[in-house]
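Close look at the chain arrangement
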Amino acid sequence: MKKCKAVIWIILFLIMIASPVCTYFFMGQYVDSQNYEKRDAASKPILTMENYETFPEAYEAYYNDNIPFRNQLIRFNNSIDYFLFSQSSNEDVVIGKDDWLFFCSSTEGNPVEQSLGYWSFTEDELEKIADNLMDAKRVLESQGIEFVLFLAPNKETIYRDKLPDYYKVQNEYTSTEQLVDYLKEKTDIRVIYPKQDLLDAREENPDITLYHKLDTHWNHAGAYVGARSLAKELEIEMPSFADIFLEPVVSSSGDLTNMLNITIKNGDIDYDISGINTLKTEKTESEEGAVFSYHTPGGDSRRVFVCRDSYAEALAPNLATQFKDSTWVHAKIFKPQQIFDYNTDIFILEAVERRERELESFRVSSVSCSVENEGERKKISIAPELPKDNLQYVSIFKKRNGEKAFETIQALKAVESPVVLDVPVDETGEICIRVFKDKSSSETLDEVSIKY
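Let us look at the structure shown here. (Residues numbered from 1 in each chain as written. Predicted model: local features only at pLDDT ≥ 70, side-chain atom pairs only at ≥ 80, totals over all residues. Heavy atoms only, no water.)

With respect to the overall build of the chain
In plain terms, the rule: Strands here are runs of E lasting at least two residues and helices are runs of H or I lasting at least four, both read from the DSSP assignment and numbered beginning at the N terminus. Categorising residues by exposure relies on relative accessible area from a 1.4 Å probe, with only protein chains included: less than 20% of the type maximum marks a residue as buried, more than 50% marks it as exposed, and the intermediate range marks it as partly exposed. Note on areas: Shrake-Rupley, 1.4 Å probe, and residue coverage restricted to the protein chains presented here.
What the chain contains, in helices and strands, is 12 helices and 18 strands. Within the span of the chain, comprising 452 residues, buried residues form 46% of the whole. Accessible area for the chain stands at about 24500 Å²; split by element, carbon and sulfur atoms hold 51% of it.

What follows is the structure in structure tokens.
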């Protein structure tokens, strides 16, 4: 009897172990198996004589990443954490008040801490950003292109009161306000940071939500406020909330719930916006959604080019109603040459404030440089970026490592085609290129350095 009972228990145990695998064989194609983690899943290893010692560990990693019903099991566990214990299963997601979720990853500037004034720019960092933007402005204005910087406020900035109480304000004067004030004081760059406009809109329209509760981005209502602020800078008046139609649209997920691998039924709200004007706007996409192009017959004739991040996905359809033609290119594929190819009238650099540090490396230059090794020689190519009908007057200097002074490689000269310098492959140093507005060399348009 005892032996029979033991056999039954063994059989039941084997069924429990095997049933998910067997069931998944038939049902796997019908269940969610998408990878929601910001990493690649482990691939299935192949046993060889060279990897037999590490094979068990590699196979375990593969199995853990591909276990049957993995997403469903994770979602079940995370749902228990969230709905029963109000705990986040992801250290990059903060659970706030009234079911608001917030993003706190240190890899993207930690917008929670940034919006609470945990850090500030140094003077050198501010100067670096200002220099980069002023260089861009000079190059663009030399081609008759207006330059505008648009900083979209963090969700944590506008809905700071929805953060958990254990987060305390460290400094009311945030890094973004510091940057905006510095640029307005030290430069003539046109900067739009619609923080106050969004706070005013929230206060005046308490029934309208401006940011997603379950996502890191603003919704179309919040983006409309941003578009209205930007349009005003461009001397265009867009109607207020009272004069347009906002149709609420509820949803149950966003990028933050995806990070938690849960859904919160009807926990988020967005809006379909109509009645901005009577014009019809058409949209096309390319580069797998990285480029948006809008055409609005009857809109402002100035051609708008925007270097953007994901915050512009809601901003673009609102602002595009005001311009006949506008193109929105994601920063990950942006190249300055695109601005000139598009025959741009207004260039807008858009970035959410949590990514404002990326402005330290932003460049729009009138020349591009590259270094290639070719056998025992290095080829240093310096190519003009501006349209071909605009001559660039260039001086080129070189300093080898270990030397104190630059030597002149090319005195001031009009350049229409690439200049190629040839140096030994083991030589290192720095090339400095100075671009002048005209042949009199009275005004420097741009200065570029490249290590080789």
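Having seen the structure, we can now continue with the description.
Structural notes on a negative patch on the surface
Note the following rule: Exposure above 30% relative accessible area and the absence of a salt bridge qualify a residue for a patch, where like charges join within 9 Å and nonpolar side chains (Val, Leu, Ile, Met, Phe, Trp, Tyr) within 5 Å. By definition here, a salt bridge exists when the distance from a side-chain nitrogen of Lys or Arg to a carboxyl oxygen of Asp or Glu is within 4 Å. Charged-residue counts in this description rest on Lys and Arg as positive and Asp and Glu as negative, His and the chain ends being excluded. Here the site of a charge means NZ on Lys, CZ on Arg, CG on Asp, or CD on Glu.
Taken together, Glu-123, Asp-124, Glu-127 and Asp-131 make up a surface patch of like negative charges. Looking at the element boundaries, Asp-131 is found in helix H5 (residues 123-141). Classification of Asp-131 as partly exposed rests on a relative accessible area of 40%.

Remarks on the environment of Glu-385
The line we're drawing: Contacts between residues were defined by any pair of non-hydrogen atoms, one from each residue, lying within 4.5 Å. Any pair of nitrogen or oxygen atoms within 3.5 Å is treated as a polar contact; in protein, a donor-acceptor pairing is required on top of that, and neighbouring residues in sequence qualify only through side-chain atoms on both sides.
Relative to the helices and strands, Glu-385 is located in the loop between strand S13 (377-384) and strand S14 (392-400). Placed 31 residues apart in sequence, Glu-385 and Glu-416 show a C-alpha to C-alpha distance of 9.6 Å. Setting aside anything within four residues of it in sequence, one finds Glu-385 in contact with Gln-337, Phe-340, Ser-365, Ser-366, Val-367, Ser-368 and Gln-392. A distance of 2.9 Å separates a polar atom in the side chain of Glu-385 from a polar atom in the side chain of Ser-368.

Things to note about the packing of helix H8 (residues 195-204) against helix H9 (residues 220-233)
Applied cut-off: Axis definition: a line fitted to C-alpha atoms, over the contacting stretch in the case of helices. Angles run 0 to 180 degrees between N-to-C directions. These descriptions rest on fixed angle ranges, namely under 35 degrees for roughly parallel, over 145 for roughly antiparallel, 65 to 115 for roughly perpendicular, and the rest for oblique. Should the near helix be turned anticlockwise from the far one by less than a right angle, the crossing is termed left-handed; should it be turned clockwise, right-handed. All amino acids are sorted into three groups, where Ala, Val, Leu, Ile, Met, Phe, Trp, Tyr, Cys and Pro are nonpolar, Asp, Glu, Lys and Arg are charged, and the leftover types, Gly among them, are polar.
Put simply, H8 and H9 touch, their axes get as near as 9 Å, and they point 130 degrees apart. Relative to H9, the element H8 lies oblique. As H8 runs across H9, the sense of the crossing is right-handed. Residues Asp-197, Leu-198 and Ala-201 of H8 pack against Gly-222, Val-225 and Ser-229 of H9. Residue composition of the contact of H8 with H9, by class: 3 nonpolar, 2 polar and 1 charged.

Describing the pattern of salt bridges
Pairing between side chains of opposite charge can happen when their charged atoms approach one another. What the rule picks out here adds up to 29 salt bridges. Between Glu-407 and Arg-400 there is a salt bridge; the shortest N-O distance is 3.0 Å. We classify Glu-407 as partly exposed; its relative accessible area is 30%. By relative accessible area, Arg-400 is classed as partly exposed at 29%. One salt bridge in this structure joins Glu-427 and Arg-400, with 3.4 Å as the shortest N-O distance. Of this pair, Glu-427 sits in the loop between strand S16 (419-424) and strand S17 (429-436) while Arg-400 is found in strand S14, placing the two residues 27 residues apart along the sequence. Since its relative accessible area comes to 12%, Glu-427 is described here as buried.

What to know about the layout of surface pockets
Stated formally: Think of a 1 Å grid over just the protein atoms. A cavity is a set of points where a 1.4 Å probe fits yet cannot get out, a pocket is an open set with protein on both sides within 12 Å along at least five of seven lines, and lining residues have an atom within 4 Å of a point. Grid points are joined across faces, edges and corners, and a volume is the space filled by probe spheres set on the points.
There is about 500 Å³ of room inside the largest pocket. Together, 25 residues line the largest pocket, and Asp-197, Asp-200, Val-225, Arg-228 and Ser-229 are the ones closest to its centre. Elements supplying a minimum of two residues to the lining of the largest pocket: helix H7 (175-186), strand S4 (190-192), H8 and H9. Per-element accounting of the lining of the largest pocket gives the leading share, 6 residues, to H9. Looking at the lining of the largest pocket residue by residue, the class counts come to 12 nonpolar, 3 polar and 10 charged.

Quick notes on the pairing of strand S12 (residues 367-374)
Worth spelling out the cut-off: A pair of strands is treated as paired once DSSP finds two or more bridges between them.
Note that S12 and S13 share 8 bridges and pair antiparallel. Bridging from a neighbouring strand, Glu-374 pairs with Arg-377 of S13.

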